[in-house]
Amino acid sequence: MLGRLRHVVPTRGYAILCGSAAAVTALLFVALVTGAGGPIVAQNTSNVALFAAALAAAWGCLTKALGKGPVARRVRWSWALTGLGAFSWGVGQMFCIWYETILGTEVPFPSLADAGYFWMMPFTAAGLLVLPMSRQSVAQQARSILDGLMIAASLLLITWILILGPLARQGADSFLALLVTLWYPGGDVVVLTVVLFMLARLRAGGQRPMSLPLVGTGLAAFTVSDSGYAYLTLIDNYGSGAVLDLGWFVGFVLILVASRKPDREHAAGDSDALTRPLGVMLPYIAVLGALCTSTFEVLRHGAHDPFVSWSRSAIILLIVGRQLLTLLENRNLTRDLEDRVEARTAELRASEQRFQALVQHSSDVVTVVAVDGTVTYQSESITRVFGYDREHIAGQRLTGFLPDEARARLEEAFGAVADTPYASRVVEIPMRHADGHFRLAEVTVTNLLTDANVQGLVLNSRDISERKELEDQLIHEAFHDGLTKLANRALFKDRVELALRRRGDADIAVLFLDLDGFKEVNDSLGHAAGDQLLVQVADRLAAAVRPGDTVARFGGDEFAVLIDVVDNADDADDLATRIIDALDLQFDIDNTEIHVRGSIGIALTGPDAADADQLMRNADLAMYRAKAAGEGTFARYDPAMHSGLVDRLQLAADLRRALEGTGGTGGNGGTEGTGELVLYYQPTIELRSGTVTGFEALIRWNHPVRGMISPADFIPLAESTGLIRPLGQWVLAEACRQGVEWGAGDPDRVLTMAVNVSGRQFDQTDLPAIVAGVLADTGLPPERLCLEMTESVLMTDTEENLAVLLSLKAIGVRLAIDDFGTGYSSLAYLRRFPVDTLKIDRSFVERIGGATPDAALARTIVQLGQSLGMATVAEGIEQYAQFLALRRMGCDLAQGYYFSRPLPADEAGALLRDPAALAA
């Protein structure tokens, strides 16, 4: 809407201006013709009207030059110079009013008024010449100059014959008066020449910088009045207020209207404006006018003056020059057109040859057939792709070379595109190669019957046999295991979903198999032997199942079997038994006998197995239950397994919440502590003196719903979920803090704080840095901290764990092997690792009572520790006889219920203050 207003409002205002100008002009015409009010009134009216019209035209032009908007700089200068010309004329008219109206005298000739009138034409001509022109070549510029000279000479000749010649022969009072008299029509001729020249050369397209027709018409009106003024002045017969003054008024009104005309956009035209009819014919129109005028003058007077002769000769020379220039341009244009036609012809010929080469040597076979199937064109590529001779195919019915299946598909494609021009259809059809074997072809049928250059159905055929084989191979690899060629997890799940959809009332069963001992085969014989074992296992599984069942490998040593239909659960048990029996037989791998067994989980459809994911999950849970029961067994899924899994997940979430609730400050002196996780402390007693030498920190979990949970229930869960690392760090920090607190109560007593470290914590390469940081934060001396680990830590990743132990030893902490005697430690490992203490497992201590094997083993461990310079600690002492026997063996330290149960921090602190509470 705003855009419309921007265009409508100026147009409406311009219409009002035009109407007002026409009305004022008509009123002035009536006043000057009728002479109403007498000569003096007519004179004053004319003078004021001319003065106002000149100032109005100057205001309009200068406003256009200084106004806002996207107007070119040269256009602004054009309007400014035109406005200065009008203003100069207005100044001259002001002097005329001074003489005639104020002084009441006649205007002398020449006078100051003529000085103002004089500059009107130079300024206007300069303004027109600075208008922007179209860019031209040198030849075009020369032609434009010749055209301008032809127009100027013709107009000058016409003006000389009609006005200037008679004025010159008439003479004047003085030479200056004669020059001024001749200047007015001569200047008008110059300006009109410029207007006509600019009309021919003015740039086409875009916004027109100036309305030259209006300006030119106004200057033509000026020419009439100036010529009449010059003539009447010479004969001393001019007086202000005559009808002749109306020409000047109309000229200024038209200039004002042109300056206020809204800018409008025009369609872009040819950059060479002189190629338009007006630009071409205008010079010749001017010459024709001059010829007619001079001829009429000769017929009227019988002769003409030398100026006319010279002018006509100059015009003839200009015409000859222009024609010669035109001939040269036409010759160059013809040569250029011939070169362009030749280049275009060569380009088309090269394009045709290139297209023909592309078609003939393309991997696609291009065939054009008529509506009835007759081959009208056949590319040579058919010989290379399908082995047929091109000449043998052309002119024959294409369907005669195709098998029945291909013929039916192709005829269907023909019918689908026959009624729609440029329609296309893609079909895949088998095509017989010339050597007899079939190839799969992709054919694109396009309807070009309406194309005059083709007039047929175009078939683009390509051999896609290798691509289809590759696609089939990729699909097979995407759904099959690359090693065993069995189905993979994705295909197995798809088969399970398909079986569930079509089973009806029948049941299906899924078996998950995990090999026992496969890791040892890989570690001992290498992965190549492991791969051979997996292939043989896959063969035995495929031989054990029914033909309609699916065997899959999920990766590693995990396999699965889908029994499509089972009559009862015993069928699945029978298959599991057959598989286990098949795996019991030895495997021969690189001349090595290998024995592996498998754990199988069985799941059947039921209320808790509504989809494939649930059924496979149930089989997985049952498989883990079978592995826990022992090697070479199978277990059937029970809903309790899922409940146990859910319970385990809930317990893991509760443990995470409890660990977050400690904030690193739980268990600071009470049974309840500040969180659910608290530390209990079991004292370590020196057997010879019976004094407390330290404590072992033991974590307890006081669950808000389940009550006190044993570490045996949640420590394995923490290890499997990764929570053992933050949990162990919290235990270490809390135990060290408690040790510092007890040490502050009795600085002379040296107490050792023992903390258990899980194998998962040893996986952290920054464990020494964590321990050092805790010691630095709590202030516990390193020698008062003892880190206890099981034998399995020493046997796993030996080199890495040795580096960690050496780093811990460098800090200054003590190291102890917990539950010693139950693992696989050897003397070589004990001498290699920087261990300070051996803790005898409670299973040996609880059966000490005379000359038993366990007593002998305990005595051996004590002696081993003494020989290696290690302290020995007996765990689980509950009877006096055990205490007495271990002291006689020379065991250094002991723990057990005989002395004290694990105690909360406050009770353990009371025990330190009252050692008499210990059993003697």
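Just above, that's the structure.
Residues numbered from 1 in each chain as written. Predicted model: local features only at pLDDT ≥ 70, side-chain atom pairs only at ≥ 80, totals over all residues. Heavy atoms only, no water.

Observations concerning the pairing of strand S15 (residues 677-686)
Among the 10 residues in S15, 9 count as buried, and that is most of the element. Relative to strand S16 (residues 692-703), S15 is paired through 9 bridges, and the arrangement is antiparallel. Opposite Ile 685, over in S16, you have Val 692 as the bridge partner. The loop that links S15 with its antiparallel partner S16 comprises 5 residues; one of these, Gly 690, has a positive phi angle of about 75°. Pairing analysis gives 2 bridges linking S15 to strand S23 (residues 893-894), with the strands arranged antiparallel. Each residue of the ladder has a partner; that of Glu 686, found in S23, is Leu 893. (Buried < 20%, exposed > 50% of the residue type's maximum accessible area, 1.4 Å probe, protein only. Helix = DSSP H or I, 4+ residues; strand = E, 2+ residues; numbered from the N terminus. Pairing = 2+ DSSP bridges.)

Quick look at helix H19 (residues 569-584)
An ideal rise of 1.5 Å per residue puts 22 Å on 16 residues; H19 measures up with 23 Å between its terminal C-alpha atoms. Restricting attention to buried positions, one finds in H19 the residues Ala 569, Ala 572, Asp 573, Leu 575, Ala 576, Ile 579, Ile 580, Ala 582 and Leu 583. Against the buried residues of H19 lie strand S8 (507-516), helix H18 (527-544), strand S10 (558-566), strand S11 (587-589), strand S13 (597-604) and strand S14 (634-636). (Expected span 1.5 Å × (residues − 1). Contact = heavy atoms within 4.5 Å.)

Some remarks on the pairing of strand S6 (residues 438-448)
Across the 11 residues of S6, 8 count as buried, placing the element largely inside the fold. Pairing of strand S5 (residues 424-432) with S6, which is carried by 9 bridges, proceeds in the antiparallel orientation. Among the inter-strand pairings, Arg 425 is bridged to a residue of S6, identified as Val 445. Strand direction decides the pairing type here: S6 and strand S7 (residues 456-463), joined by 8 bridges, are antiparallel. Following the sheet pairing, Leu 448 is matched in S7 by Gly 456.

Focus on the sheet that holds S14
Hydrogen bonds between backbone atoms are what pair the strands of a sheet, whose relative direction is either parallel or antiparallel. If you walk across this open sheet you meet the 5 strands as S9-S10-S8-S13-S14, and the pairing is mixed. Since the sheet does not close on itself, it has two edges, and those belong to strand S9 (550-555) and S14, each with one partner. Taking the axes of each pair of neighbouring strands and ignoring which way they run, one obtains an average angle of 20° across the sheet. With 7 bridges joining them, S8 and S10 adopt antiparallel strand pairing. If you follow Val 510 over to S10, its bridge partner there is Leu 562. Here H19 sits on the sheet and contacts S8, S10, S13 and S14; the angle it forms with S13, its principal contact strand, is near 165°. (Axes fitted to C-alpha atoms, helices over the stretch in contact; angles between N-to-C directions.)

Comments concerning the packing of helix H3 (residues 73-103) against helix H5 (residues 120-129)
Angle between the axes and distance between the axes are the two parameters that describe a pair of packed helices. It is at 8 Å that the axes of H3 and H5 come closest, and there the two elements cross at 170°. Relative to H5, the element H3 is oriented roughly antiparallel. Within the contact between the two elements, H3 uses Arg 74, Ser 78, Leu 81, Thr 82, Leu 84, Gly 85, Ala 86, Ser 88 and Trp 89 and H5 uses Met 120, Phe 123, Thr 124, Ala 126, Gly 127, Leu 128 and Leu 129. Grouping the amino acids of the contact of H3 with H5 by side-chain chemistry returns 9 nonpolar, 6 polar and 1 charged. (Parallel < 35°, antiparallel > 145°, perpendicular 65-115°, else oblique. Nonpolar A, V, L, I, M, F, W, Y, C, P; charged D, E, K, R; others polar.)

Observations regarding the environment of Cys 18
Inspection of the secondary structure puts Cys 18 in helix H1 (residues 2-34). Residue Cys 18 is classed as partly exposed on the basis of its relative accessible area of 27%. Residues Cys 18 and Val 257, 239 residues apart in the sequence, show an inter-C-alpha distance of 6.6 Å.

Here's the deal with the packing of aromatic side chains
For the structure shown, the criterion picks out 12 aromatic pairs. Here Trp 89 and Trp 248 contribute two aromatic rings whose centre-to-centre distance is 5.9 Å and whose plane-to-plane angle is 50°, an arrangement assigned as tilted. One end of the pair, Trp 89, is in helix H3; the other, Trp 248, is in helix H9 (residues 245-260), with 159 residues separating them in the sequence. Pair check on accessibility: Trp 89 and Trp 248 agree, each one buried. Geometrically, the ring pair formed by Tyr 880 and Phe 883 is tilted, given 5.9 Å between the ring centres and 45° between the ring planes. Of this pair, Tyr 880 and Phe 883 both sit in helix H31 (residues 880-889), separated by 3 residues, roughly a single helical turn. With relative accessibility at 45%, the residue Tyr 880 sits in the partly exposed group. Taking relative accessible area as the criterion, Phe 883 reaches 8% and is therefore assigned buried. Connected via pairs of aromatic rings, a cluster forms that spans Tyr 880, Phe 883, Tyr 898 and Phe 899. Sitting over the face of the ring of Phe 554, Arg 489 holds its NZ or CZ atom 4.1 Å from the ring centroid. (Phe/Tyr/Trp six-rings, centres within 6.5 Å; stacked < 30°, edge-to-face > 60°. Lys NZ or Arg CZ within 6 Å of the ring centre and 35° of its normal.)

So, unusual backbone geometry
Of note, the phi angle at Lys 485 is positive, near 65°, even though the residue is not glycine. Tracing the backbone through its elements, the reader meets Lys 485 in the loop between helix H15 (465-479) and helix H16 (489-502). One non-glycine residue, Asp 590, lies in positive phi territory at about 50°. With respect to the element layout, Asp 590 can be found in the loop between S11 and strand S12 (592-594).

Some details on the sheet that holds S7
On the basis of which strands lie adjacent, the open sheet formed by 5 strands has the order S4-S3-S7-S6-S5 and antiparallel pairing. In the strand order of this sheet, the two ends are held by strand S4 (375-378) and S5, each with one partner. Put simply, the sheet's adjacent strands are angled 25° from each other on average, direction ignored. In this fold helix H14 (residues 404-417) packs onto strand S3 (365-369), S5, S6 and S7, with an angle of close to 165° to the strand it touches most, S5. In the packing of H15 onto the sheet, contacts are made with S5, S6 and S7, and the angle to S6 comes to roughly 115°.

Quick look at the environment of Ile 594
Residue placement: Ile 594 occurs in strand S12. Dropping the residues within four chain positions of it, Ile 594 is found in contact with Val 521, Leu 525, Gln 586, Phe 587 and Ile 589.

Topic: the nonpolar core
In this structure, Leu 785 and Leu 787 are the most contacted members of the largest nonpolar core, which totals 78 residues. Broken down by element, this core gets its largest block of residues, 8 residues, from helix H23 (residues 724-745). Beyond its immediate stretch of four places on either side in the chain, Leu 785 contacts Leu 732, Cys 736, Met 753, Val 755, Val 771, Leu 775, Leu 780, Val 813 and Arg 814. Listed in part, the 38 residues of the second largest apolar core include Tyr 14, Ala 58, Leu 128 and Ala 258. (Core = buried A, V, L, I, M, F, W, Y, C linked by side-chain atoms within 4.5 Å.)

Here we look at the side chain of Arg 553
Counting through the fold element by element, Arg 553 comes out in strand S9. The exposure class assigned to Arg 553 is buried, which follows from its relative accessible area of 11%. A polar side-chain atom of Arg 553 sits 2.9 Å from a polar atom in the side chain of Asp 481. Residues within four places of Arg 553 in sequence aside, it is in contact with Asp 481, Leu 483, Thr 484, Leu 486, Ala 487, Asn 488, Arg 489, Leu 534, Glu 558 and Phe 559. (Polar contact = N/O pair within 3.5 Å; in protein donor to acceptor, adjacent residues only side chain to side chain.)

Some points on the side chain of Arg 784
Tracing the sequence through the fold places Arg 784 in the loop between helix H25 (767-778) and strand S19 (785-790). Despite being buried, Arg 784 has no salt bridge partner; Glu 783 is the closest side chain of opposite charge, sitting 6.7 Å away. Of note is the side chain of Arg 784, whose polar atom sits 3.5 Å from the backbone oxygen of Gly 739. Leaving out residues up to four positions away in the same chain, Arg 784 has contacts with Gly 739, Gly 743, Val 750, Leu 751, Thr 752 and Met 753. (Lys, Arg positive; Asp, Glu negative; His and termini not counted. Salt bridge = Lys/Arg side-chain N within 4 Å of Asp/Glu carboxyl O.)

Considerations on the pattern of salt bridges
A side chain with one charge may pair with a side chain of the opposite charge, provided their charged atoms come close. Overall, the coordinates contain 17 salt bridges when judged by the stated rule. Ionic pairing is found between Asp 336 and Arg 340, a salt bridge with its closest N-O pair at 3.9 Å. Here Asp 336 and its partner Arg 340 are both found in helix H11 (residues 306-360), 4 residues apart, which amounts to about one turn of the helix. A salt bridge links Arg 737 to Glu 741, with the nearest nitrogen and oxygen atoms 3.1 Å apart. Taken as a pair, Arg 737 and Glu 741 lie in helix H23 at a separation of 4 residues, close to a single helical turn. Overall, Glu 741 belongs to the partly exposed group, its relative accessible area being 45%. Connected through shared salt-bridge partners, Glu 696, Glu 788, Lys 839 and Glu 875 make up one network.

Re a nonpolar patch on the surface
There is a patch of nonpolar side chains on the surface, built from Phe 29, Val 30, Val 33 and Val 243 and spanning about 330 Å² of accessible area. Topologically, Val 243 is positioned in the loop between helix H8 (212-234) and H9. (Patch = residues over 30% accessible without salt bridge, like charges linked within 9 Å, V, L, I, M, F, W, Y side chains within 5 Å. Areas by Shrake-Rupley, 256 points an atom, 1.4 Å probe, with all protein chains shown as cover.)

Here we look at the environment of Gly 241
Mapped onto the fold, Gly 241 is located in the loop between H8 and H9. With sequence-adjacent residues up to four places away left out, Gly 241 is seen in contact with Leu 32, Ala 42, Gln 43 and Ser 46.

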